[in-house]
Amino acid sequence: MLLVRSLAFNLAFYVATTLIAIGGLPTFVSRRAVIRLAQFWARVTLWLLRIVGGITVEFRGVENIPPGPLLVAAKHQSALETLALVTCFPDFAYILKRELLWIPLIGWYLSRSGMVAIDRSKGARAMSAMNEAAADAIRDQRQLIIFPEGTRRPPGAPPAYKLGLTHLYAALGVPCLPVALDTGLYWPRRRLVRRPGTTVIEFLPPIPPGLDRARFLEAVQERIETASDRLLAASRAALAARGHAVPEVSTDARETDSRVA
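Not measured: the values here are computed from a predicted model. Along each chain, the written sequence defines residue order, and numbers are assigned to residues from 1. Totals for whole chains, interfaces and linings use every residue, but because this is a predicted model, local features are given only for residues with pLDDT of at least 70 and side-chain atom pairs only at 80 or more, for both listing and counting. Hydrogens and waters are ignored; side-chain quantities use all the structure's heavy atoms.

(A) Region of the structure containing the overall build of the protein. Every helix listed is a DSSP run of H or I at least four residues long, and every strand listed is a run of E at least two residues long, numbered separately from the N terminus. Helix and strand counts for the protein stand at eight helices and seven strands. Using C-alpha atoms as the atom set, the radius of gyration is obtained and then compared with a globule rule of 2.2 Å times the number of residues to the power 0.38. For 261 residues, the compact-globule estimate of 2.2 N^0.38 gives 18 Å, and the protein sits close to it at 18 Å. A total of 261 residues make up the protein; the buried ones form 48% of that total. A separation threshold of at least 6 residues defines the contact pool for the protein, and within that pool the share at least 24 residues apart is 76%. Of the accessible surface of the protein, which amounts to about 12,300 Å², a share of 62% is contributed by carbon and sulfur atoms. Counted charges follow a simple rule, with Lys and Arg positive, Asp and Glu negative, and His plus the chain ends left uncounted. Every charge is mapped to an atom, namely NZ of Lys, CZ of Arg, CG of Asp or CD of Glu. Side-chain charges in the protein split into 32 positive and 21 negative, and the spacing between the mean points of these groups amounts to 6 Å. Throughout, exposure labels follow a simple rule: accessible area from a 1.4 Å probe, protein chains only, divided by the maximum for the residue type, with under 20% read as buried, over 50% as exposed, and the rest as partly exposed. Throughout, a contact is declared for two residues whenever any of their heavy atoms are within 4.5 Å. Surface exposure here means Shrake-Rupley accessible area, sampled with a 1.4 Å probe, where a residue is shielded only by the protein chains that are shown.

Shown next, in the form of structure tokens:
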């Protein structure tokens, strides 16, 4: 039954995404229209996830989201938070790898919506370009979302925070909102299965601007990892009670760590 339900959700997701992407082409008239379309797509996907996949997304700590321009630093375990977060910010901008702009149709939307695309092949020059594009987004009063570890990490994998977050924090002079989650237990990376239950995305108290880089990195990592570990422990217990066996550290996590080492 779990496999059937997962297959049904995946089919519904790709059909809905295709229809919205094609039907939404008129939104190319403006960046904000594309942003609104992305938020509509995300809400449709969350609805399908709940109705078809049996997964409810619970947002906690929304009162911690300050108004205005903002740097959002989120744990990254799944594709789920990538779409769920766009429903929480009025004018979001993701920091993403440039290769995503090459995806037919989807890449057009990413480009038109003003995402901050990074060419990682340029090394140090990429950091400078990122800071410049991010500063433009902040001047436009946008909420800049970054995954500090750079890629999805399986639940249980040790943290691997990159320097891009600290560069942005020092350069932009805006609060940083840490985000913890447990989505990887319900929508695992590189897996077809979608485990039913309630997954949590938690917005933690923001870190004010002005800390030195070392203190900031220590604070943001400690907050995100402590809260994420708490959420993972609760969700593992809830999934186990429903008969879903989820290891403390997944095989994906061990494989990732061996490649990093």
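Now that the structure has been shown, the text picks up again.
(B) Spotlight on a nonpolar patch on the surface. Side chains of Leu3, Leu7 and Leu192 sit close together on the surface and give an oily, nonpolar patch of about 270 Å² of accessible area. Looking at the secondary structure, you find Leu7 in helix H1 (residues 2-23). Patch membership requires over 30% relative accessible area and the absence of a salt bridge. Like charges are linked within 9 Å, and nonpolar side chains (Val, Leu, Ile, Met, Phe, Trp, Tyr) within 5 Å. Here a salt bridge means any side-chain nitrogen of Lys or Arg lying within 4 Å of a carboxyl oxygen belonging to Asp or Glu.

(C) Here's a closer look at the pattern of salt bridges. Here the structure, examined in full by the defined rule, presents nine salt bridges. With a closest N to O distance of 2.8 Å, Glu58 and Arg60 form a salt bridge. Several salt bridges converge on common partners, so that one network encompasses Arg31, Arg32, Asp91 and Arg142.

(D) Here's a closer look at the sheet that holds strand E7 (residues 197-203). Overall, mixed pairing links the seven strands, which are arranged E1-E7-E6-E2-E5-E3-E4 in an open sheet. Looking at which strands have only one partner, the edges of the open sheet turn out to be strand E1 (55-60) and strand E4 (116-118). In this sheet, neighbouring strand axes are inclined to one another by 20° on average, regardless of whether the strands run parallel or antiparallel. Two strands are said to pair when DSSP picks up at least two bridges between them. As defined by bridge partners, strand E6 (residues 176-181) adjoins E7 across three bridges and the pair is classed as antiparallel. Counterpart to Ala180 in the pairing with E7 is Glu202. Lines fitted to C-alpha atoms define the axes, with helix axes restricted to the stretch in contact, and inter-axis angles between N-to-C directions lie between 0 and 180 degrees. Of the strands in this sheet, E1 and strand E3 (92-97) are in contact with helix H2 (residues 31-51), which crosses E1 at around 125°.

(E) Spotlight on the packing of helix H6 (residues 164-172) against helix H7 (residues 213-241). Where H6 contacts H7, the two axes come as close as 10 Å, and the packing angle between them is 120°. When the axis of H6 is compared with that of H7, the two are oblique. Like other packed secondary-structure pairs, H6 and H7 cross with a definite hand, here right-handed. Residue-level contacts link Leu165, Thr166, His167, Tyr169 and Ala170 of H6 to Arg213, Phe216, Leu217 and Val220 of H7. Only Asp, Glu, Lys and Arg are considered charged, only Ala, Val, Leu, Ile, Met, Phe, Trp, Tyr, Cys and Pro nonpolar, and every remaining residue, Gly among them, polar. Of the residues belonging to the contact of H6 with H7, the class tally is six nonpolar, two polar and one charged. Note that the term roughly parallel is reserved for angles under 35 degrees, roughly antiparallel for angles over 145, roughly perpendicular for angles of 65 to 115, and oblique for everything else. Less than a right angle of anticlockwise turn of the near helix away from the far helix marks a crossing as left-handed, whereas a clockwise turn marks it as right-handed.

(F) Quick peek at the pairing of E7. In terms of burial, E7 is a largely internal element, six of the seven residues being buried. Bridge analysis of E1 against E7 gives six bridges, and the strand direction is parallel. By the bridge assignment for E7, Thr56 is matched with Thr198.

(G) Structural detail: the environment of Glu63. With respect to the helices and strands, Glu63 occurs in the loop between E1 and strand E2 (70-74). Between the alpha carbons of Glu63 and Pro205 there is a distance of 8.9 Å; along the sequence they are 142 residues apart.

(H) Local environment of unusual backbone geometry. Phi is positive for Leu105, close to 70°, though the residue is something other than glycine. Summarising the element assignment, Leu105 is placed in the loop between E3 and helix H4 (106-112).

(I) Representation of the confidence of the model for the protein in the model. In the predicted model, the protein carries a mean pLDDT of 90, and the fraction of residues at 70 or more is 93%. Values of pLDDT, the confidence the predictor places in each residue, fall between 0 and 100. Note on residues 250-261: pLDDT is under 50 here. Beyond four places in sequence and across chains, it has 19 contacts.

(J) Representation of the packing of aromatic side chains within the structure. Side-chain rings of Phe, Tyr and Trp (the six-membered ring for Trp) are treated as a pair once their centres are within 6.5 Å; stacked means planes under 30 degrees apart, edge-to-face means over 60, and tilted covers the remaining angles. Applying the stated criterion across every chain, the model contains 11 aromatic pairs. Taken together, the ring pairs in this structure connect Phe9, Phe13, Tyr14, Trp41 and Trp187 into an aromatic cluster.

(K) Quick look at the side chain of Glu202. Relative to the assigned elements, Glu202 resides in strand E7. At 3.1 Å, the side chain of Glu202 and the side chain of Arg230 are in polar contact. Ignoring sequence-local partners within four residues, the contact set of Glu202 consists of Arg60, Pro178, Val179, Ala180, Arg230 and Leu231. Polar contact criterion, stated in full: a pair of N or O atoms within 3.5 Å, where within protein one must be able to donate a hydrogen and the other to accept it, and residues adjacent in sequence count only if both atoms are side-chain atoms.

(L) Just the nonpolar core, in detail. The nonpolar core is taken to be a set of buried Ala, Val, Leu, Ile, Met, Phe, Trp, Tyr and Cys residues, with the residues joined through side-chain atoms within 4.5 Å. Grouped together as the largest cluster of nonpolar side chains are 61 residues, with contacts concentrated most on Leu71, Leu85, Phe89, Tyr94, Leu144 and Leu168. Contact partners of Leu85, with chain neighbours within four places excluded, come to Ala74, Tyr94, Ile145, Phe147, Val179, Ile201 and Phe203. One finds Ala21, Val34, Leu105 and Tyr109 within the second-largest nonpolar core, a separate group that totals six residues.

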